[in-house]
Amino acid sequence: NIQTSYKYPEDFHNIACAHMRHINMHPIISETVEAGGSEVIYKKLNEYKLISRNDPSVTITEPLIEIPHDAIPVLSAIYDTYGDGEPNKQIDYVSYDRYNNPLWIKSDNRDYVYVWGDFGKNLIAIVENATEPQVSEVLGVDYLDVISSYPVSAVHETFPEIGNTLRSSLPNSLVTSY
């Protein structure tokens, strides 16, 4: 008989989970455990970190006297474990944009860069098999941040050229546009 149990931010004692409790982010599952009796079959852990809303490249770490007002909790990694094996990092959320969308993740030994537009509301493209620094080198250092602030109409006008630039400059990458 397999039983599933869940843990929530209040079950963990780190700065990100403490802030999640403070801003009432309670229903977010932090850990799932499937067990047969006392033997763990599978465990999934969502790890969180705090970033600065004003500068998402800044990770807020302990020890702190007070959590900054612009702190926001975001996923930093997802791990899974089978049986009593070692945790395996499935997804690493490397960086976020100013709208708290993931910009660069690593999953299954591949890199993915997400290009957002319309003030961070719409996914424009995914660049697979490229890092954020590689994409930024092709487009310009702040371009991923700039395009995320474009309205939809401007994105649709400019992205075909940008997509072609990425495809020609990063030939080992797959650029999927939406």
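As shown above, the structure is provided for reference.
Now for a description of the structure that goes with this document. (Residues numbered from 1 in each chain as written. Predicted model: local features only at pLDDT ≥ 70, side-chain atom pairs only at ≥ 80, totals over all residues. Heavy atoms only, no water.)

This part takes up the side chain of T32. You can see T32 is positioned in strand β2 (residues 31–36). Of the residues examined, T32 reaches a relative accessible area of 16% and is grouped as buried. Leaving out residues up to four positions away in the same chain, T32 has contacts with T4, S5, Y6, Y42, K43 and K44. (Helix = DSSP H or I, 4+ residues; strand = E, 2+ residues; numbered from the N terminus. Buried < 20%, exposed > 50% of the residue type's maximum accessible area, 1.4 Å probe, protein only. Contact = heavy atoms within 4.5 Å.)

Turning our attention to unusual backbone geometry. The phi angle at D108 is positive, at roughly 50 degrees, despite the residue not being glycine. Within the secondary structure, D108 sits in the loop between β7 (102–107) and β8 (110–117). Residue N129 is not a glycine yet carries a positive backbone phi of 70 degrees. Note on placement: N129 falls in the loop between β9 (122–128) and α2 (132–139).

A few words on the pattern of salt bridges. Inspection of every chain in the model, using the stated rule, returns three salt bridges. D92 is the salt-bridge partner of K89, the closest N and O atoms lying 3.9 Å from each other. What makes K89 partly exposed here is its relative accessible area of 40%. The partner of R110 in a salt bridge is E128, with the nearest N and O atoms 2.9 Å apart. With R110 in strand β8 and E128 in strand β9, this residue pair connects regions lying 18 residues apart in the sequence. (Salt bridge = Lys/Arg side-chain N within 4 Å of Asp/Glu carboxyl O.)

Our focus in this paragraph is the packing of α2 against helix α4 (residues 152–169). Where α2 contacts α4, the two axes come as close as 10 Å, and the packing angle between them is 115 degrees. For the pair α2 and α4, the crossing hand works out as right-handed. Across the interface between the two elements, V135, V138 and L139 from α2 touch I162, T165, L166 and S169 from α4. Partitioned by chemical class, the residues of the contact of α2 with α4 number five nonpolar, two polar and no charged. (Axes fitted to C-alpha atoms, helices over the stretch in contact; angles between N-to-C directions. Left-handed = near helix turned anticlockwise from the far one by under 90°. Nonpolar A, V, L, I, M, F, W, Y, C, P; charged D, E, K, R; others polar.)

This next bit is on the packing of aromatic side chains. One pass over the full model with this rule turns up three aromatic pairs. Consider the rings of Y93 and Y96, whose centres lie 6.3 Å apart with planes at 15 degrees: the pair is stacked. Judged by relative accessible area, Y93 falls into the buried class, the value being 14%. Arranged with centres 6.5 Å apart and planes meeting at 25 degrees, the rings of Y114 and W116 form a pair that is stacked. Residues Y114 and W116 agree in their burial class; the two are buried. (Phe/Tyr/Trp six-rings, centres within 6.5 Å; stacked < 30°, edge-to-face > 60°.)

A separate point is helix α1 (residues 15–22). Owing to its 3.6 residues per turn, the α-helix aligns residues three or four sequence positions apart on the same side. Burial in α1 covers these residues: I15, A16, C17, H19 and M20. Tucked inside the fold, the buried residues of α1 contact β3 (39–52), β4 (59–60) and β5 (71–82). With a side-chain oxygen lying 3.1 Å from the backbone nitrogen of A16, the N-terminal cap of α1 falls on N14. Once α1 ends, the next one or two residues include N24, with phi positive near 60 degrees. (Polar contact = N/O pair within 3.5 Å; in protein donor to acceptor, adjacent residues only side chain to side chain.)

Right, let's talk about the layout of surface pockets for a bit. Put simply, the largest pocket is a space of about 300 Å³. If you go around the largest pocket, you meet 18 residues; those closest to its centre are P56, S57, Y96, L103 and E132. Elements supplying a minimum of two residues to the lining of the largest pocket: β3, β6 (88–96), α2 and α3 (143–147). A total of three residues in the lining of the largest pocket trace back to one element, the largest contributor, which is β6. Classifying every residue of the lining of the largest pocket gives seven nonpolar, four polar and seven charged. Taken as a whole, the second largest pocket holds about 170 Å³ of empty space. Surrounding the second largest pocket, 15 residues form its lining, N14, A16, E47, Y48 and K49 being those nearest its centre. Counting only elements with at least two residues in the lining of the second largest pocket, the list comes to α1, β3 and β4. For the lining of the second largest pocket, the element with the highest residue contribution is β3, accounting for six residues. (1 Å grid on protein atoms, 1.4 Å probe; cavity = no way out; pocket = protein on both sides within 12 Å on 5 of 7 lines; lining within 4 Å. Points joined across faces, edges and corners; volume = space filled by probe spheres on them.)

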